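Coordinate inspection notes
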Amino acid sequence: MSKLVAEHVFKVFGRRPKEGVRRIQAGTDRDELRAEGTTAAVIDASFEVQQGEIFVVMGLSGSGKSTLLRTLNGLAQPTSGRVLFDGRDVSSLAAKDLRHLRSHRISMVFQHFALFPHRSVLDNAGYGLEVQGLPRQEREERAAQALELVGLAGWERSWPDELSGGMQQRVGLARALATDADLLLMDESFSALDPLIRRDMQDQLLTLQQRLRKTIVFITHDLNEAMRLGDRIAVMRDGRIVQIGTAQDILVDPASDYVASFVQDVDRSRVLTAASIMQKPPVAVDLSDPQCVTAHTDTPLAELLTPASRTRQPLAVVDDEGRLSGVIARDTLLAALGDQPVKEAHRA
Ligand SMILES: Nc1ncnc2c1ncn2[C@@H]1O[C@H](COP(=O)(O)OP(=O)(O)OP(=O)(O)O)[C@@H](O)[C@H]1O
Ligand SMILES: [Mg+2]
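In this text, all values refer to a predicted model and were calculated from it rather than measured experimentally. (Residues numbered from 1 in each chain as written. Chains lettered and ligands numbered in written order. Predicted model: local features only at pLDDT ≥ 70, side-chain atom pairs only at ≥ 80, totals over all residues. Heavy atoms only, no water.)

1. With respect to the overall build of the protein chain
Scanning the protein chain for helices and strands turns up 17 helices and 13 strands. When the backbone C-alpha atoms are referred to their principal axes, the protein chain occupies close to 65 × 60 × 35 Å. Looking at the protein chain as a whole, 50% of its 348 residues are labelled buried. Here the protein chain displays about 17,200 Å² of accessible surface, and carbon together with sulfur accounts for 47% of that area. Charge centroids of the protein chain, computed over 42 positive and 47 negative side chains, lie 5 Å from each other. (Helix = DSSP H or I, 4+ residues; strand = E, 2+ residues; numbered from the N terminus. Buried < 20%, exposed > 50% of the residue type's maximum accessible area, 1.4 Å probe, protein only. Areas by Shrake-Rupley, 256 points an atom, 1.4 Å probe, with all protein chains shown as cover. Lys, Arg positive; Asp, Glu negative; His and termini not counted. Charge placed at Lys NZ, Arg CZ, Asp CG, Glu CD.)

Put into structure tokens, the structure is as follows:
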């Protein structure tokens, strides 16, 4: 069962939202509605997020990302459609159950650190546990563990203004982790950080995720961030999800010209891996042959040039168990790295 499911979610703001949904369904243009003072912020969003997955929602400002995120934990009610968390319809929950869901099962991490300036780092990290009503000692133990997870052991007694921006954002992350919530909703959580610190936070999140296996919905308008973090990415435009896929799917097979123009500046050689361009081996490949040069399925194309230069034979691509998955001829690799559209190279 999927951890989180959105089924035909609409969120319309204005005087008669339900009517707005009907008119959008009947084909009325979003801009036409907007001119009448009705905003279709989220239009017919459907997706499933699996346990342990990082699902990124990416789109320009105003495309509906935050509104969609707010429907996922019941902060906003869908005008139409529904959201299922662990199979339960979030919008049908009684107020008390909804509060429990938001305090225990789902955590949000925002763009601005939202730390309390007059509380220690430890008390900030333990804030969600205070809301849960846990006694002080347990709260402090779990908050300290969460701070250790994000690399802030030793800072428990400091004040937020003694920390750098990146460290403050890690306190925000620790606060979300301390509650043991299994779903993290992260809205532009790293966007306010300097580029280097931002990359560092992305790395930390990926490392943490290997250990914790949370389910994460991460919102960003930054494509490179989306590609680094997302197991899958949903691209939003004007309230609609226009494509859902892995970074490779979106690069190799963009669903529209809009998506293609969005991704045109991405460094393909870092995102595409050996598996995305390999072909079925035409003949048996002898992996024990000393002439045979191998690469792993997950190796980025940028790292294949050196091994490819060591052999005249196609590269043998092997999986985690060392089994042959496919081969990459040198001209296929060069085509994928060059100007030629990767899709062509893929099929050549
Ligand atoms: N409470 C509200 N009432 C009316 N309109 C709203 C409300 N919340 C959001 N909107 C509108 O819905 C649309 C989507 O907004 P949303 O904040 O979800 O976009 P976003 O993708 O998160 O943008 P950003 O990247 O700037 O954060 C916008 O046109 C916004 O003005
Ligand atoms: Mg937003």
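2. Quick look at the site of ligand 1
Residues in close proximity to ligand 1 total 13 residues, the closest being Ser-61, Gly-62, Lys-65, Ser-66 and Thr-67. Take Ser-61: an N or O atom from its side chain is 2.5 Å from an oxygen atom of ligand 1. A distance of 2.8 Å separates an oxygen atom of ligand 1 from a polar atom in the backbone of Gly-62. Coverage of ligand 1 by the protein amounts to 60% of the 640 Å² it exposes when considered alone. Listing elements by their share of the shell around ligand 1, those giving two or more residues are strand 2 (39-49) and helix 3 (65-72). When the residues that make up the shell around ligand 1 are grouped by side-chain class, the tally is 3 nonpolar, 7 polar and 3 charged. (Near = heavy atom within 4 Å. Polar contact = N/O pair within 3.5 Å; in protein donor to acceptor, adjacent residues only side chain to side chain. Nonpolar A, V, L, I, M, F, W, Y, C, P; charged D, E, K, R; others polar.)

3. Some remarks on the packing of aromatic side chains
One pass over the full model with this rule turns up 4 aromatic pairs. Consider the rings of Phe-190 and Phe-218, whose centres lie 5.4 Å apart with planes at 55 degrees: the pair is tilted. Of this pair, Phe-190 sits in the loop between strand 7 (183-187) and helix 9 (195-212) while Phe-218 sits in strand 8 (residues 215-220), and the two are 28 residues apart along the sequence. Neither Phe-190 nor Phe-218 differs from the other in exposure class; each is buried. A cation over an aromatic ring shows up here: Arg-119 above the ring of Phe-116, its NZ or CZ 5.0 Å from the ring centre. (Phe/Tyr/Trp six-rings, centres within 6.5 Å; stacked < 30°, edge-to-face > 60°. Lys NZ or Arg CZ within 6 Å of the ring centre and 35° of its normal.)

4. Some thoughts on the sheet that holds strand 8
Read from one edge to the other, the open sheet built from 6 strands follows the order 6-7-8-3-9-10, with strand pairing classed as mixed. On the outer flanks of this sheet lie strand 6 (106-109) and strand 10 (240-245), each paired with one strand and no other. Ignoring strand direction, the axes of neighbouring strands in this sheet form an average angle of 15 degrees. For strand 9 (residues 232-237) and strand 10, the ladder comprises 5 bridges, and the chain directions are antiparallel. Within strand 10, the position partnered with Ala-234 by the bridge is Ile-244. (Pairing = 2+ DSSP bridges. Axes fitted to C-alpha atoms, helices over the stretch in contact; angles between N-to-C directions.)

5. Examining the pattern of salt bridges
Counted by the stated rule, this structure contains 19 salt bridges. Taking the shortest distance from any N to any O, the salt bridge between Asp-182 and Lys-3 comes out at 3.1 Å. Of this pair, Asp-182 sits in the loop between helix 8 (165-178) and strand 7 while Lys-3 sits in the segment before strand 1 (4-13), and the two are 179 residues apart along the sequence. Arg-323 serves as the salt-bridge partner of Glu-321, at 3.1 Å between the closest nitrogen and oxygen. Both residues of the pair, Glu-321 and Arg-323, belong to the exposed class. Here the residues in one salt-bridge network are Lys-3, Asp-86, Arg-105 and Asp-182, joined through shared partners. (Salt bridge = Lys/Arg side-chain N within 4 Å of Asp/Glu carboxyl O.)

6. Some thoughts on the sheet that holds strand 5 (residues 88-89)
Taken in spatial order, the 4 strands make up an open sheet running 2-1-4-5, and their pairing is antiparallel. In this open sheet, the two edge strands, each paired with only one partner strand, are strand 2 and strand 5. In terms of strand pairing, strand 1 meets strand 4 (residues 80-85) through 5 bridges, oriented antiparallel. For Glu-7, the partnering residue across the bridge sits in strand 4 and is Arg-82. Against the sheet, helix 1 (residues 17-25) makes contact with strand 1, strand 2 and strand 4, and its axis sits at roughly 110 degrees relative to strand 1, the strand it touches most. (Contact = heavy atoms within 4.5 Å.)

7. Examining the domain arrangement of the protein chain
Taken domain by domain, the protein chain comprises domain 1 (49-269) and domain 2 (271-347). The straight-line distance from the C-alpha centre of domain 1 to that of domain 2 is 35 Å. Domain 1 puts 10 residues into the contact, and the matching count from domain 2 is 11 residues. Both faces combined, the contact of domain 1 with domain 2 buries some 890 Å², and carbon together with sulfur accounts for 61% of it. It is Gln-248, Val-252 and Ser-269 in domain 1 that bury the most area against domain 2; as a group they hold 62% of the surface buried on that side. The interface formed by domain 1 and domain 2 holds 0 salt bridges in total. On inspection of domain 1 and its partner domain 2, the count reaches 7 residue pairs in polar contact (both at pLDDT 80 or more). When residues of the side of domain 1 that touches domain 2 are traced back to their parent elements, those giving at least two are helix 11 (247-252) and helix 13 (268-271). Take the side of domain 1 that touches domain 2: its biggest share by element is 4 residues, from helix 11. Class assignment for the residues of the side of domain 1 that touches domain 2 results in 5 nonpolar, 2 polar and 3 charged. (Domains from an automatic or database assignment. Buried area = accessible area lost by both parts, 1.4 Å probe.)

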